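# Coordinate analysis (summary)
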Amino acid sequence: MYLEFILSICGSALLLNIFKYFYKFNVITLNAIVVNYIIATSLSFIVQGEPISISKAASEPWIGIAFALGVLFILLFNLMAYCSDKLGVASTSIANKITFIFPTFLWIIFYGEPISIIKISGLIIAILAIFLTGEKSKGSSFKGNILLLLSLFIGGGLLDTLLSYAQQELVPKEQTSIFFGYLFLFAFIVGFILMLFQKAKGLPWPSKKDILWGIILGVPNYFSMYLFLKSLDKIPTSTAFPVANMGVILGSTLLSVILFKEQLSKRKLIALFFAITAIILISFHKQIESLIFG
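All values derive from a computational prediction rather than experimental measurement. The residue numbering used here restarts from 1 in each chain and proceeds along that chain's sequence as written. Per-residue local features of the predicted model are confined to residues with pLDDT of at least 70, and side-chain atom pairs are confined, for both listing and counting, to 80 or more; whole-chain, interface and lining totals are unaffected and use all residues. Values shown for side chains rest on all heavy atoms present in the structure; no hydrogens or waters enter the calculation.

Before going further, it helps to examine the overall build of the chain. Assigned secondary structure in the chain consists of 13 helices and zero strands. Going along the chain from the N terminus, every DSSP run of H or I of four or more residues is numbered as a helix, and every run of E of two or more is numbered as a strand. Helices and strands in the chain line up, N terminus first, as α-α-α-α-α-α-α-α-α-α-α-α-α. Counting over 294 residues, the chain shows a buried share of 51%. In this analysis, two residues are considered to be in contact whenever any of their non-hydrogen atoms come within 4.5 Å of each other. Taking contacts inside the chain between residues at least 6 apart in sequence as the whole, the part at least 24 apart equals 83%. Counting only carbon and sulfur atoms, one obtains 71% of the accessible surface of the chain, whose full area is about 13,900 Å². Residue burial is assigned from relative accessible area. The probe radius is 1.4 Å, only protein chains are included, and a residue is buried under 20% of its type maximum, exposed over 50%, and partly exposed in between. For accessible areas, the Shrake-Rupley method is used with a probe of radius 1.4 Å. Any residue's cover is judged against the shown protein chains and nothing else.

Have a look at this one:
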């Protein structure tokens, strides 16, 4: 029953570690990410069994937000790749996966969801996790690392907020897969334009190596999303999102330790603990409040 859910977590945990191989094998990151998005786009429409039709999609209420998300996807994927190599998978996964607190507080501000001391505590702990994981590393300063992680955190938060709004207000459930297909398509188009600019500056066209690693990235990128969406038919959303986020943080960190012998300092271990604690406090605040206050 939960196989799809577990596989989606494994796929997401794998993504950050694939980025590490880009630098190990001198893959041109932008080229591989652009290839990744054409693979994800193709899989979206093949699995759904629907042809691409921009004219048809243009009439949908979600088309504008799909384009905005496509731009954010390509920018954040490049930033995630850089952070994974320079700061480590543990730090990157923490900054990337506690961004769900943004849409949580969006619902508080715009939809009048009740606020509580438990939610506020979770927010404070999440921010502490970011600062704890941003320790000084070789060739970079603490301040520089914090700025990178905050950029990933805020950018990811904006992406999660727009995505959450689109799914809540604009995208019918039966169109979710198609919505992601066009999102991936826009990410590819924007990425291809960026690649043309880089080509003018001397960056080569994608090599066989770039294409291969783009495919290796694109397959789990699509299926982690697809399997997660399918699992939502069996698992309540309120449970699926926090458990998935915790699973990706722990899974990606464990993989990085196994595959790349990534060293986890005391600061990073505490940051991991804080990140998981923040997710639990914000996601299960009602149950916690019931236990504490009766």
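A few words now on helix α13 (residues 285–293). Buried within α13 we find H285, I288 and E289. Projection of α13 onto a plane perpendicular to its axis shows the buried side chains occupying an angular sector of 100°, all on one side. Looking at α13, the residues exposed on the side facing more than 90 degrees away from the buried face are K286 and L291. Residues of α13 that are buried in the fold lie against α7 (117–133) and α12 (266–283). Taking the helix axis as origin, the arc is that swept by the directions to the C-beta atoms.

Further remarks concern a nonpolar patch on the surface. Two joining distances apply to patches: 9 Å for like charges and 5 Å for nonpolar side chains (Val, Leu, Ile, Met, Phe, Trp, Tyr), and every residue must have over 30% relative accessible area and no salt bridge. What counts as a salt bridge is simple: a side-chain nitrogen of Lys or Arg found within 4 Å of a carboxyl oxygen of Asp or Glu. A cluster of nonpolar side chains, namely I117, I120, I124, L128, L291, I292 and F293, defines an oily patch on the protein surface of about 750 Å² accessible area. For the nonpolar patch, the secondary-structure elements that each account for two or more residues are α7 and α13. The greatest single-element share of the nonpolar patch, amounting to four residues, is contributed by α7. Turning to its location among the elements, I117 is positioned in helix α7. The class of I117 is exposed, set by a relative accessible area of 55%.

Where helices are involved, their axes are fitted lines through C-alpha atoms of the stretch in contact, as for all axes, and angles between N-to-C directions lie from 0 to 180°. As a packed pair, helix α1 (residues 3–24) and helix α4 (residues 63–87) sit with axes 8 Å apart at the nearest point and diverge in direction by 70°. On the basis of the axis angle, α1 is roughly perpendicular to α4. Mapping the contact onto sequence places L15, L16, F19, K20 and Y23 in α1 and F77, M80, A81, Y82, S84 and D85 in α4. Here the contact of α1 with α4 is built from residues that sort into eight nonpolar, one polar and two charged. Roughly parallel covers angles under 35 degrees, roughly antiparallel covers those over 145, roughly perpendicular covers 65 to 115, and oblique covers all other angles. Throughout this entry, Asp, Glu, Lys and Arg are counted as charged residues, while Ala, Val, Leu, Ile, Met, Phe, Trp, Tyr, Cys and Pro are counted as nonpolar. The remaining residues, Gly among them, count as polar.

Time to look at the pattern of salt bridges. The tally for this structure, following the rule as stated, stands at one salt bridge. Salt-bridge contacts for K230 lead to E4; the nearest nitrogen and oxygen are separated by 3.6 Å. Pair noted here: K230 is in helix α10 (residues 208–231) and E4 is in helix α1, with a separation of 226 residues, a long-range link.

Moving on: α12. Along its 18 residues, α12 runs 26 Å from first to last C-alpha, staying within 8% of the 26 Å computed at 1.5 Å per residue. What α12 keeps buried is the set K268, A271, L272, A275, I276, A278, I279, L281, I282 and S283. To estimate how far a helix should reach, multiply one less than its number of residues by 1.5 Å.

Our next topic: the environment of S91. Tracing the backbone shows S91 in helix α5 (residues 89–97). A residue is classified by how much of its surface remains accessible, and S91, at 0% relative accessible area, is buried. Linking S91 and A271, residues 180 residues apart in sequence, is a C-alpha distance of 8.3 Å.

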